[in-house]
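Examining the three-dimensional arrangement
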Amino acid sequence: MSLMPVAEALERLLAGVSPLGRETVPLELANNRFLAEALRSTRTQPPFSASAMDGYAIRHQDLAGERTQLQIIGEAPAGHGFTGSVEPGQAVRIFTGAPVPDGADTILIQENAQRSGDLITVLEAPRMGAFVRPAGLDFSSGDVLLAPPLKLAYRHLALAAAMNHAELPVIRKPKVAILATGDELVPPGTEPGPDQIIASNHIGIAALVADCGGQPLYLGISPDDPVELATHIRRAITEEADILVTLGGASVGDHDIVQEVLGKEGMDLSFWRIAMRPGKPLMAGHLGRTRVLGLPGNPVSSLVCGLLFLKPLLQAMLGNTPGDTTQKQAVLGGDLPENDRRQDYVRAGLSQDADGHLIATPFSRQDSSMLGLLAKSGALIIRPPHAPAQKAGTPVPVLIL
Ligand SMILES: Nc1nc2c(c(=O)[nH]1)N[C@H]1C(S)=C(S)[C@@H](COP(=O)(O)OP(=O)(O)OC[C@H]3O[C@@H](n4cnc5c(N)ncnc54)[C@H](O)[C@@H]3O)O[C@H]1N2
Ligand code: MOO
């Protein structure tokens with residue numbers, strides 16, 4: 001049986017995927033969304049030259065003498081600029097954020113002045129222009145300050161607000177329908193029958209989808225029955241899902257009917273069976289405009305395939321930079337035997353040595369049913385097909401989890 005290399009499968013999966021359409025959302029709802037177009041500032045910030053400290057707005061040339069006294073002629077709190085002009089020998093009481101009045105060019109902080117009635121004595125002379133923020137210090141009207149590809153985070157949103165955008169153009173969230181399959185599955189929180197287990201993959205995959213910026217839609221658990229399975233699959237189409245993720249039933253057993261039923265529903269198969277471990281029975285195709293990703297049922301296989309295939313697919317739909325930035329170099333913390341023809345993603349503990357090098361120590365058991373080990377793993381060691389036996393201390397590529 002021939003197995004497709006991981007890179008080829010990924011290339012096929014991403015071929016022709018372009019960012020989804022855009023929508024406009026209020027700023028408050030734009031966190032973690034992907035910006036759809038470059039954003040220009042509608043204003044200059046600060047819009048006027050502003051004081052950066054509480055103190056006195058003065059004319060620097062007044063400080064030429066030994067011990068200077070200045071006359072206070074008014075006050076400028078933030079939001080209420082002083083309308084007159086500061087003449088020689090004069091000062092204006094000013095507060096952080098207020099416009100620096102005409103005539104003044106420097107802020108004397110109040111700690112360096114002694115006030116007596118309407119007079120101040122300068123205790124320590126500031127340098128020319130001290131604590132004055134010139135207009136446009138941060139940005140100017142028309143500046144492009146945010147541009148795709150960008151996942152909007154708190155600091156971008158604060159900037160967009162300062163630019164006076166109340167709404168932002170973002171890429172529509174990919175809708176990901178998630179369908180668990182298997183007679184043996186019951187939902188978390190319910191009592192399984194004697195031969196049943198708790199379904200877990202959909203929870204992990206939904207969280208991954210949300211983390212990547214998609215919108216998960218859980219379709220529930222379908223029994224291994226073609227009619228029921230077809231009904232569930234049709235719901236994904238009715239819901240206009242961008243992606244249908246099926247969980248389990250992807251392999252070759254008599255009850256692994258997912259591909260067959262998808263085929264009868266009109267799926268165009270793109271690939272099936274990948275040279276990777278875990279995740280060999282991974283399958284992909286198209287059902288109309290819905291992309292189908294059939295993840296293997298074994299929990300670790302499901303989640304690792306989600307990370308390696310579903311995440312890049314979502315990234316491409318969101319116009320995000322392709323490629324996984326979490327790949328790093330580490331040093332093997334234990335020996336590994338020669339690899340076979342499948343690219344291996346070896347679950348490993350992650351630590352650092354005294355020099356700050358990452359150490360990836362493979363777990364001795366690598367069964368793809370063991371979620372406990374995956375949760376304990378800090379990294380997946382990537383081993384190409386037919387990698388030779390490797391000793392502890394060898395540098396290896398890892399995916400940080
Ligand atoms: N004769 C062969 N048998 C198998 C092969 C093969 O090549 N020849 N491949 C094996 C590999 S590798 C994998 S991976 C599994 C995957 O098979 P399926 O995708 O058909 O998965 P299932 O058989 O439905 O389930 C496998 C396992 O995972 C449990 N499961 C399923 N769904 C969930 C879920 N949503 N949450 C938690 N656990 C789930 C299920 O109960 C099974 O224990 O096939 C091998 N077999
Ligand atoms: O590929 Mo399976 O995922 O080895 O268990």
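Residues numbered from 1 in each chain as written. Chains lettered and ligands numbered in written order. Predicted model: local features only at pLDDT ≥ 70, side-chain atom pairs only at ≥ 80, totals over all residues.

Looking now at the overall build of the chain. Helix and strand content of the chain: seven helices and 26 strands. Here the C-alpha radius of gyration of the chain, 31 Å, is well above what a compact globule of 401 residues would show, namely 21 Å. Taken along its principal axes, the extent of the C-alpha atoms in the chain is 95 × 55 × 40 Å. Counting only contacts in the chain whose residues sit at least 6 apart along the sequence, the fraction spanning at least 24 positions is 70%. (Helix = DSSP H or I, 4+ residues; strand = E, 2+ residues; numbered from the N terminus. Rg over C-alpha atoms; globule rule 2.2 N^0.38 Å. Contact = placed C-beta atoms within 7 Å.)

What follows deals with the site of ligand 1. Ligand 1 sits among 26 residues. The nearest are Asn201, Gly248, Ala250, Ser251 and Gly297. Every element with two or more residues in the shell around ligand 1 is listed here: α3 (201-212) and α6 (299-317). Considered class by class, the residues forming the shell around ligand 1 number 11 nonpolar, 12 polar and three charged. (Near = placed C-beta within 6 Å. Nonpolar A, V, L, I, M, F, W, Y, C, P; charged D, E, K, R; others polar.)

So, about the pairing of strand β23 (residues 343-352). Every other side chain in a regular strand lies on the same face of the sheet, so the side chains alternate between the two faces. With seven of 10 residues buried, β23 is to be regarded as a mostly interior element. Strand direction decides the pairing type here: strand β19 (residues 276-277) and β23, joined by two bridges, are parallel. Directly across from Arg277, in β23, lies its bridge partner Asp344. Pairing of β23 with strand β25 (residues 379-383) involves five bridges; the strand directions are antiparallel. In the strand pairing of β25, Ala348 is matched with Ala379. Counting the residues in the hairpin turn of β23 and strand β24 (residues 358-362) gives five residues, including Gly356, whose phi is positive at 85°. (Buried ≥ 20, exposed ≤ 12 C-beta atoms within 10 Å, placed from the backbone. Pairing = 2+ DSSP bridges.)

Here the focus is the pairing of β24. In terms of strand pairing, strand β22 (residues 327-332) meets β24 through two bridges, oriented parallel. Across the sheet, Leu332 pairs through a bridge with Ala360, a residue of β24. Strand direction decides the pairing type here: β23 and β24, joined by five bridges, are antiparallel. Bridging across to β24, Ala348 finds its partner in Pro362.

All right, on to the UniProt feature "domain: MoaB/Mog" (unreviewed entry) in the chain then. Within the UniProt annotation, "domain: MoaB/Mog" (unreviewed entry) is assigned to residues 177-316. In the segment residues 177-316, helix accounts for 36% and strand for 29%; the C-alpha atoms at its two ends are 17 Å apart. (UniProt positions renumbered as here; feature names shortened; annotations may be inferred.)

This part takes up the site of ligand 2. Around ligand 2, the neighbouring residues are Arg277, Pro278, Gly279, Lys280, Pro296, Asn298, Ser301 and Ser368. Residue classes in the shell around ligand 2 are distributed as two nonpolar, four polar and two charged.

Another point: the nonpolar core. The biggest cluster of nonpolar side chains holds 77 residues, and the ones touching the most others in it are Ala177, Leu244, Val245, Leu293, Leu313 and Ala360. Setting aside chain neighbours within four positions, we find Leu293 in contact with Ile243, Val245, Ala284, Phe309, Leu310 and Leu313. (Core = buried A, V, L, I, M, F, W, Y, C linked by C-beta atoms within 7 Å.)

With that settled, consider α3. With 12 residues, α3 extends 17 Å between its outermost C-alpha atoms, agreeing within 8% with the 16 Å of an ideal straight helix rising 1.5 Å per residue. All of the buried residues along α3 are Asn201, His202, Ile205, Leu208, Val209 and Cys212. For α3, the buried positions fall inside an angular range of 125° around the axis, keeping them on one side. Residues of α3 that are buried make contact with β13 (175-181), β16 (215-222), β17 (243-247) and α6. At the exit of α3 stands Gly213, carrying a positive phi of roughly 100°. (Expected span 1.5 Å × (residues − 1). Arc of directions from axis to C-beta.)

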